[in-house]
Structures are given as structure tokens and as C-alpha cells.
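Structural characterization, general
Below are the chains, spelled out letter by letter.
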Amino acid sequence: MIRKIIALLALVVASADAFKFMSNWQPPKILTDEQKVKMADMEERFGDKKLVVITGCSSGLGRQTVKNLLATNKYHVVGAVRDVEKMEAVAEIEEFDMDNFHIMECELNSFESVDKFCDELEEYQLGKPIDRLLCNAGVYQPSLPYAKWSVDGHEQTMQINFLSHFLMVSKLIDRMRDAPDPRVVMVGSVTGNDNTVGGGGVYPIADLKNLDGFKAGFNNPVAMADGYGFIGAKAYKDSKLSLMMMSNFLHAKYNKNTGIAFSSIYPGCIAETPLFREKRAWFRKYFPIFMKYITGGYVGVEEAGQRLFQVAHDPRCSKSGVYWSWNGGPREGRGAAALEKSGQISGGGGAGGGWDSIYENDQSDKVNNLELCVDLFKTATDITGAQWPDAKTFTSPCPTLTVISTISENMIAREELKRMAERPGFNADGTPIKLGKRRKAALIADKVIVKGVLGNTVGRVGKVAGRLLLGKVPETATTGSFQEEKPLEEEQNATPPAKETSSPVAEIEITQPPTKTIDIVNQDDKSALEEEIFDQVFANGKKSDHSSKEKEWKVDVEEKELATAS
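Residues numbered from 1 in each chain as written. Predicted model: local features only at pLDDT ≥ 70, side-chain atom pairs only at ≥ 80, totals over all residues. Heavy atoms only, no water.

1. A short note on the pairing of strand E7 (residues 322-326)
Of all five residues that make up E7, five are buried, and the element is covered over most of its length. Here E7 shows a buried face lined by Val-322, Trp-324 and Trp-326 and a second buried face lined by Tyr-323 and Ser-325. In this structure, strand E6 (residues 261-265) lies alongside E7, joined through three bridges in parallel fashion. Along E7, the bridge assignment pairs Ser-263 with Val-322. (Buried < 20%, exposed > 50% of the residue type's maximum accessible area, 1.4 Å probe, protein only. Helix = DSSP H or I, 4+ residues; strand = E, 2+ residues; numbered from the N terminus. Pairing = 2+ DSSP bridges.)

The following block contains the structure:
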């Protein structure tokens, strides 16, 4: 019986999600009166409905998505919009259930407005986690020969479509962890995926190149992510490419440890939508006809809204790291079928197909460029000032493991300190890592106590016992190196391949051999060494809260120099 229990525990610990079933374990809580009131208010506001946040829902795709969400009576929707009065009028026209629809102002042209929205949303949540975040809002400005700038001095298309959503996700991700099936959905585009006719066959092509524009700060007058000349249509395509890349990156970084599913979608070409409001009148008239009867890629705004709703609602769409599409690609012979069905034919995002036509679409090499995704994440973080939570995997709450971890932490710190002294690395500017006085004192204390006292008593017994129990180290473990290890002094004197510097001080530091002594020039240095030895002997590595003057023992240290123990 005991063996079965041990085997079961070993199996659990060995799995990747070993302790996830414990993630919601919490000790019994005694709620205050204020907490009880807050929980009652939350229950009254949301009931058992899921909380959805969607941007840009006063028209087009977002408007239709909200209609579908509210029709299920399973969601409480927060609409983040630029024009609150317009949204109120739309809600009245569509007869939205205002008990389950809440309007909040969010101007994506301003990072300050995004910050304010997220703060006000936290108050509105009353502690309820967010179940869905739908990054839908977008602008398309293809007609202008010059860029328009946001409040923050960035090109508007990229800030509204990508950067502000990037900032919003960073602020809301921690409020989604506790939801049972949290999802973040980015509305992408076929134009950002250049392995298709729509994305790769029509100039300009989405391409961030080396992100030189972002790396330069992306401030006015830098209008493009790649740092080159402005084209309105390319700015839109680049922003959609960025959204799709970031969906993949956040999936890789956060899905495992938060449970949040990150995905992107292409709902189809919504040819009759306010997205094209800045196109010329002739284009708005004839483009829907072209998409219906020539390409077969036309999708009505109602059906597109059903598709975004599906990714938020369908249990099949809880999968992370997916680019969702519908129906496959445009077909040969589509002209006759289009005439027969008034343009409603199946195609690459085209209309028709229904609920079950959804599938996991392929993404282009640009979208899947992991190295560029990392650069995009770093530069967008710098531009927006986003603060991302640490990606920490859930660990066991077992008290025994907690105690063992605490005990071993100080031992690990001492060993790492020794490793850094014996094999010092180099700073980013090429200068060697130098140990401060406090860290040198810790190293000396460790040598005096561990190697000197314990090494000659308990340590010697332990080594003999270890040799008897474990045997000799296999020869294959000690041989096979292609080079002899260089002496420490030779390694220290070697000049590393560092960046060039005009500072003579830096050159001296690089070639300077490691010091063999610690100068005790004042009482503070002497006290630091005394505290370190006291902590290791009497406090089990814990830092004492008392000054060395309150200790009842002293260490004899020469006032000018203390030679390190060899």
C-alpha cells in the first residue's frame, strides 16, 4: 500500500502540471464586514455571468459581437469606447440589456487614458476576475500621405491598434488569472499574414524588418515600426502583424503559468464597415461588390460579429496560441456560386460555413519569427511603459518543501558567491564583476567557518562517508575536455571581447588581477565581517537585526588588512 502511494506521488510530481490542482487551495478566511458587503455587491452586479471587456464596440464588428454576447444572457460586458455618447445611442438603438452592459471611456490615442480606464475598471470589478478581453478596436488611415500623431507623439494607427492594447493587456493580465477559462483575443487580419494572397500579394506588405523605428523610440517624426517612410495602409498591416506576433509571444510566456488562452482571429473581409470610413466614396461603393463577386472573401458585419463571439464563447476556442479562421481559401469557379448565393460563398474568411467551419489557420514566417517577437515585446514595453507580471509557474504549497527551500537558500547563496569569486564573469560594459566589501566579508566568513572549522570536523567525516557510500567518480566523468582549464590569473589578465571604451579607468579594471586581501580601514568594515561570521555561526545564515555593538563576542582582525583563508 505504501509503495502504491509513493508511486502515485512520484507520478504527480513528475508531471508538468503537478501542483496546478493545488493552485486554488487557500486556508479558511474570516471575512470582515467590509469584505462581506463587497462580495454581496459583486454578486448583485454580476451574478453568475462571465465578465467580458471589449474595445471599440460602438460600430462594426465590436457592435455585432456585443449583441451576440448579451443575447446569450451569460455575459456581463464592459464596452471600452472613445465616444461614450455615441455608445449610449447605439445601445438604445440595439436595445442592449443595460443591466449587463456597462460603458466606459477609453481613448486609445492616449496611454494615460488607457491607464485611467484600467484603474476605473478595477473599481467596477469589485474583485471579480475578467473572463474575456477582446482587443477589437482599430483604425485604418490609408488615404493620407502623412502620419497623424497620438497624444503621446506616436503614429496613430500603430498606437490605437497595437500599442494601447499591448499596454491594456499588461495591466489586466493579473486580473484574469483566477477566472476559470480566461481568454485574450486579438483581432488580426489577413493583410498581416503574408502567406496569403490578401496579405502577400497586395502592396504594401506587412513587414517590421528589424524594428528600427521601435528601437529608436517610435516618437514623432518616426512614423513606422521599421523606421522608413510612412504609408497609411502599411501602418495598418504592420499593426495587425504586431498583434498576431504578440498573441503568439504572450501564449509562450504566460499561458502555462496563468491558464490564459491567447489567440488571434481573422473574421473575414468586412467590406461594409466604418473601418473604411477614410477611403474615398467610389471605393466604399465598389469594394464590397468586388469582394462578393470576384474574390469571394466578402463577409457581412453580422456574420463577422458571430465569429468573434464564437472565439469568446465556444469551448473549442479555449485553446491557446491559435490563429482562428473560417472556411479555408478562395475557390476556383467561385463566380457562378457567388451569383447564385448573392455573394455568400465559402472562402478564405469568406461568408458561409457556419459555426463548424472554424479552423486553426497557418501563420506566416513573419508572425512566427520568435526572435523578432522578443524584440517587439521589449521595444513595445519601453514605448508604452508597460509593467508585466513575472511569469512564475505554480509551485507546491507543501510545508516540508517550503522549509527545505528556506534552509537551502542560504547555502546556495554561499556556493554561488564562491563560484563568482573563482570564475568571475563580466559586466555589460566589459569590465569584470567586482565583489563589494560586504560580499567579500561573507566569502571570508564562509571560508573561516565552513572550510576551516566544519571542514576539519564534520566535513572530513562526511567526505569519508561519501566515498564509502558513493564510490569513485567514473573516469568518463573526469575526462573528455578538449582544453586544459586555464589558471585563474591567466583568465583574469586576458582582455575580454568588450565594447571599445575611451576611459583609461575601464582598461585598468579589466587587466587588474583579483585582490587577495580586504582592507579594513574603518570600524564599519570590521563590523561587517563580524556580523557575517556571527550570522553564519549563530543565526543559521539569517541576517541579524542587531548591530555588531550589541553582540557579546569579537573577532580579532588586523586594522589594515585581513588575508583571505586559502
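2. Describing the environment of Met-98
With respect to the element layout, Met-98 can be found in the loop between helix H4 (84-94) and strand E3 (101-105). Along the chain, Met-98 and Val-77 lie 21 residues apart, while their C-alpha atoms are 9.4 Å from each other. The residues contacting Met-98, other than those within four sequence positions of it, are Ala-91 and Ile-103. (Contact = heavy atoms within 4.5 Å.)

3. A word on the packing of helix H2 (residues 33-46) against helix H5 (residues 111-125)
Contact geometry of H2 with H5 gives a least axis separation of 10 Å together with a crossing angle of 100°. Overall, the two elements H2 and H5 adopt an arrangement that is roughly perpendicular. Residues Met-42, Arg-45 and Phe-46 of H2 pack against Glu-123, Tyr-124 and Gln-125 of H5. The residue inventory of the contact of H2 with H5, partitioned by class, reads three nonpolar, one polar and two charged. (Axes fitted to C-alpha atoms, helices over the stretch in contact; angles between N-to-C directions. Parallel < 35°, antiparallel > 145°, perpendicular 65-115°, else oblique. Nonpolar A, V, L, I, M, F, W, Y, C, P; charged D, E, K, R; others polar.)

4. Brief notes about the packing of aromatic side chains
This model, assessed by the stated rule, comprises 10 aromatic pairs. On the numbers, 5.8 Å between centres and 65° between planes, the contact of Phe-166 with Phe-377 is edge-to-face. Of the two residues, Phe-166 sits in helix H6 (residues 156-172) while Phe-377 sits in helix H13 (residues 370-384), which places them 211 residues apart along the sequence. For Phe-377, a relative accessible area of 11% corresponds to the buried category. Each ring, one from Phe-377 and one from Trp-388, has its centre 5.2 Å from the other, and the planes form 45°; the classification is tilted. (Phe/Tyr/Trp six-rings, centres within 6.5 Å; stacked < 30°, edge-to-face > 60°.)

5. Looking at the environment of Gln-159
With respect to the secondary-structure elements, Gln-159 resides in helix H6. When its relative accessible area of 0% is taken as the criterion, Gln-159 is described as buried. The spatial distance from the C-alpha of Gln-159 to the C-alpha of Phe-111 is 8.8 Å, given a sequence separation of 48 residues. For Gln-159, the residues in contact, after removing those within four places along its chain, are Leu-108, Asn-109, Ser-110, Phe-111, Ser-150, Asp-152, His-154 and Ser-164. Among the polar contacts listed, one links the side chain of Gln-159 to the side chain of Asp-152, at a separation of 2.7 Å. (Polar contact = N/O pair within 3.5 Å; in protein donor to acceptor, adjacent residues only side chain to side chain.)

6. Notes on the environment of Trp-355
Along the chain, Trp-355 falls in the loop between helix H12 (334-340) and strand E8 (358-360). Spatially, the C-alpha atoms of Trp-355 and Asp-314 are 9.2 Å apart, while their sequence positions differ by 41 residues. Among all residues touching Trp-355, those that are not within four sequence positions of it are Phe-309, Gln-310, His-313, Asp-314 and Arg-316.

7. Thoughts on the confidence of the model for the protein chain
Regions with low pLDDT carry predicted coordinates that are not meant to be interpreted in detail. Mean pLDDT for the protein chain: 76, with 58% of residues reaching 70 or above. Counting contacts from residues 498-521, a segment whose pLDDT is below 50, to residues more than four positions away or on other chains yields 45 contacts. Here residues 540-544 scores under 50 on pLDDT; set against residues more than four positions off or in separate chains, the count is 14 contacts. (pLDDT = per-residue confidence, 0-100.)

8. Remarks on the sheet that holds strand E4 (residues 132-135)
Pairing within the open sheet is mixed, and its eight strands lie in the order E3-E2-E1-E4-E5-E6-E7-E8. Of all the strands in the sheet, just E3 and E8 have a single pairing partner and so form its edges. Neighbour to neighbour, the strand axes of the sheet diverge by 25° on average, direction disregarded. Against the sheet, helix H9 (residues 232-258) touches strand E5 (183-187), E6 and E7, its axis set at about 160° to E6. Running over the sheet, helix H11 (residues 301-313) touches strand E2 (75-81), E4, E5, E6, E7 and E8 and is turned about 155° from E5.

9. Thoughts on the pairing of E3
Pairing geometry for E2 and E3, over five bridges, is parallel. Looking at E3, one finds that Ala-80 is bridged to Met-104. Tracing the backbone out of E2, into H4 and back to the parallel element E3 gives a crossover that is right-handed. (Right-handed = clockwise from strand over helix to strand, strands pointing away.)

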